[in-house]
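# Examining the three-dimensional arrangement
Next come the chains, spelled out residue by residue.
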Amino acid sequence: MGTGLTAEQQVIQRQLSMRAILWDMKKTETMDVSKLFGEAELFQVRMVSVCRQAAGQEEQDVYQSALQELCSFGMLEAQALLVTEDAGLAEYVYKMRDAQAYSQAGAPAGMAVVYYEPPNWRSKALADMIVLGFEEIGIQFLDRVHKRRNHLPWNILYTKRTCVREITMADLDELYALYEGEGITDYTEPLFERQEEEEYTKSYIANMYYYYGYGMWVVRDRQTGALLGRAGIERREVNAEVCMELGYIIGREYQNKGYATEVCRAIMDYAKEELAIRRLHCFIHPCNTVSVHLARKLGFELCADQDGGQEELAHWKKCLQE
């Protein structure tokens, strides 16, 4: 653990999966990389320079030399991410995952790749992410790219008492227990039968999270790790309009303790600041008085129209930004 970290910075450091960055950038004097380099030092993420022995050196040789340098610091390939301005190197490393190659540690070879696209240049470089600069890019951003490459869940946000993160297959047993709680499925659909739910969850992770970057997440206690419930943002089509829907489920034993309010407010802030969502919606059965009360508490207003797909649900809306 690094010294001088605030409590929130310690949380960030603990959740990092990326431990090193292979840095293959030459013209950094024209860029503002202070944020990235400052955070790398703060969170003890090692910056490893990629060196070439000669002009025109093959991408394979360049990458292997970089891995040797990484190894000299006790770092594994799977712990690193490549940032490069070399389109050929980016493509070589990116394609390694499709070649079914494996590292000496037995993990799939290759790593996450971030390609820097020079100004006024539009290439077709293969990479996990293409960036135009580094002014706004920090360690957490690159760590999320690294997590996607290694099929690891994102920690979405933290509240005073909770951690909200993407669902994994390992969460399913606890989710079934959650949905068996008294009253949980009174106003929400139950989970599918196990095999169908597993297939649905795999597809959800691969498509919803990877394509949109949001969805329904799990809510866990920050201290104990206990599953408190689910919450997040879903896409719902109403009258040919795609609505961003705020939803939540809190386990029976954790209700009436303010968790829903705490988590939903944090998600609303995340939707506005990180996802640039302008408007959130809720669709609530009128008999679900607890959720109606929460919607009002969060500042949602009842709309005249109803959910065209389920007429019994009342439509609530809140503008996050004009």
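Quick note: structure is the one above.
Remember, it's a predicted structure, so these values are computed and weren't measured experimentally.

### Some details on helix α7 (residues 194-212)
Taking 1.5 Å of rise per residue, 19 residues should cover 27 Å, and α7 covers 25 Å from first to last C-alpha, within 8% of that figure. Maximal helix bending in α7 amounts to about 30°, located at Tyr-204. Taken residue by residue, α7 has Glu-197, Thr-201, Tyr-204, Ile-205, Met-208 and Tyr-209 as its buried positions. Buried positions along α7 lie against α5 (139-149), β7 (162-166), α6 (172-179), β8 (216-221) and β9 (227-238). In the stretch just after α7, Gly-213 is the one whose phi turns positive, near 85°.

### Concerning the pairing of β7
Burial within β7 is extensive, with five of its five residues counted as buried. Where strand β6 (residues 155-158) meets β7, three bridges bridge the pair, whose relative direction is antiparallel. Of the residues in β7, the one forming a bridge with Asn-155 is Arg-165. Taken together, β6 and the strand that follows it, β7, pair antiparallel across an intervening segment of three residues. Here β7 runs beside β8; their pairing, made up of five bridges, is antiparallel. Residue pairing across strands places Arg-165 opposite Val-218, the latter belonging to β8.

### A closer look at unusual backbone geometry
Backbone geometry at Gln-44 places phi at a positive 60°, although glycine is not the residue there. Mapping Gln-44 onto the fold places it in the loop between α2 (34-42) and β2 (46-49). You can call Gln-44 exposed: its relative accessible area is 51%.

### Points about the sheet that holds strand β1 (residues 20-24)
The parallel open sheet is built from five strands, whose spatial order is β2-β1-β3-β4-β5. Each edge of the open sheet carries a strand with a single partner, namely β2 and β5 (129-131). Strand-to-strand twist across the sheet, computed as the mean angle between neighbouring axes with direction ignored, equals 25°. As judged from the four bridges shared by strand β3 (residues 80-84) and strand β4 (residues 112-116), these two strands associate in the parallel manner. Bridge assignment links Leu-82 to a residue of β4, and that residue is Val-113. Contacting β1, β3 and β4, helix α4 (residues 87-95) crosses the sheet at an angle of about 160° to β4.

The rules behind each value
- Residues numbered from 1 in each chain as written.
- Predicted model: local features only at pLDDT ≥ 70, side-chain atom pairs only at ≥ 80, totals over all residues.
- Heavy atoms only, no water.
- Helix = DSSP H or I, 4+ residues; strand = E, 2+ residues; numbered from the N terminus.
- Expected span 1.5 Å × (residues − 1).
- Bend = angle between axes of the 7 residues up to and from the residue.
- Buried < 20%, exposed > 50% of the residue type's maximum accessible area, 1.4 Å probe, protein only.
- Contact = heavy atoms within 4.5 Å.
- Pairing = 2+ DSSP bridges.
- Axes fitted to C-alpha atoms, helices over the stretch in contact; angles between N-to-C directions.

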